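Geometric and topological summary
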Amino acid sequence: MGFSTMMNVAATGMAAQGARLTAVSSNLANADSIVNSSGTPYRAREVVLAAAPAHGGGGPAQQGMAGVRVLGIVASSKAPREVYDPGSSFANAKGYVKESNVSPVDAMVNMITASKAYKADLQTFDLGKTLALKTLTV
Amino acid sequence: MTSLLGAALDFYRGALDARAYRQQVLAGDIANASTPGFKAVDVNFKRALALAEKHGPPNSLLLRVDNSRQIEAAGKSNGLGSAVEYQRGVSASLDGNTVDMDREQVQSGENGVAYEAAASFLGGQVNLLLTAIRGNGTRGGG
């Protein structure tokens, strides 16, 4: 069925962008975290997306069509921020405290692009619904 | 289709198939707007329409048989997959993705309107045939 594939593809896009938005909110919430439960600074989470074969209504994969899926969530390898705070109990010998490596600017840019892409997927889904209903009124 | 009624409606079936297929491909592009390395595709509509007319409707409904006297319905593709082409003349972003979101949304909207237009014309054609079948002035058995 044509439009069920289209709506499924849009749904995979919404799920993927939703995962990105979740990662962004986690990063922003932990932007000032010093240590996590394992004693190391919080590292920014990044969602890796990959194209995946599109299926319609549980049927076989559709030729020439691609949905998207979350390949994995990786921790950023950027160096943690070092803040001079000799009074802190987490400070090292030189008086620096290691904080998370979250860049709030990166997080905001990611949030804006992810939410725009989410809206585009939502519009696609809506268009699929409109066209399917239109077909029923022929 | 070979029947008279089928011939009158077959063109619209092909047009709707090709438009719906293009809509799915564009949906795939939009879903992959942030996938690294994804290359945007589009449907060569002229070719897709020709293929849809040539191959007839796709059949994704499979009927299995366990007796030679039963009628088998094998899966059949309408071959539209071969009308998919990579978009040319688009600039790639740093991660190698070539989806231009503005273009995709414009094309998607335009294609949606074209689909609705084809559906409207099909409805008009059906009404035309019904008028011809009923005849003039004898509607309702009067």
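Residues numbered from 1 in each chain as written. Chains lettered and ligands numbered in written order. Predicted model: local features only at pLDDT ≥ 70, side-chain atom pairs only at ≥ 80, totals over all residues. Heavy atoms only, no water.

**So, the confidence of the model for chain A**
On average, residues of chain A carry a pLDDT of 88, and 91% of them reach 70 or more. Element-level mean pLDDT values for chain A span from 83 in strand β2 (residues 61–75) of chain A up to 94 in helix α2 (residues 104–136) of chain A. (pLDDT = per-residue confidence, 0-100. Helix = DSSP H or I, 4+ residues; strand = E, 2+ residues; numbered from the N terminus.)

**Points about the interface of chain B and chain A**
In this assembly, 27 residues from chain B lie in contact with 30 residues from chain A. In total, about 2300 Å² of surface goes out of reach between chain B and chain A, with carbon and sulfur atoms giving 64% of it. Taken as a group, B:Gln24, B:Ala31 and B:Tyr115 account for 24% of the area that chain B buries against chain A, more than any other trio of residues on that side. Remark: the boundary between chain B and chain A carries 0 salt bridges. Applying the counting criterion to the chain B and chain A interface returns 7 residue pairs in polar contact (both at pLDDT 80 or more). Elements with a minimum of two residues in the side of chain B that touches chain A: α1 (4–31) and α3 (101–134) of chain B. For the side of chain B that touches chain A, the element with the most residues is α3(B), which contributes 10 residues. Its residues assigned to classes, the side of chain B that touches chain A comprises 13 nonpolar, 13 polar and 1 charged. (Contact = heavy atoms within 4.5 Å. Buried area = accessible area lost by both parts, 1.4 Å probe. Salt bridge = Lys/Arg side-chain N within 4 Å of Asp/Glu carboxyl O. Polar contact = N/O pair within 3.5 Å; in protein donor to acceptor, adjacent residues only side chain to side chain. Nonpolar A, V, L, I, M, F, W, Y, C, P; charged D, E, K, R; others polar.)

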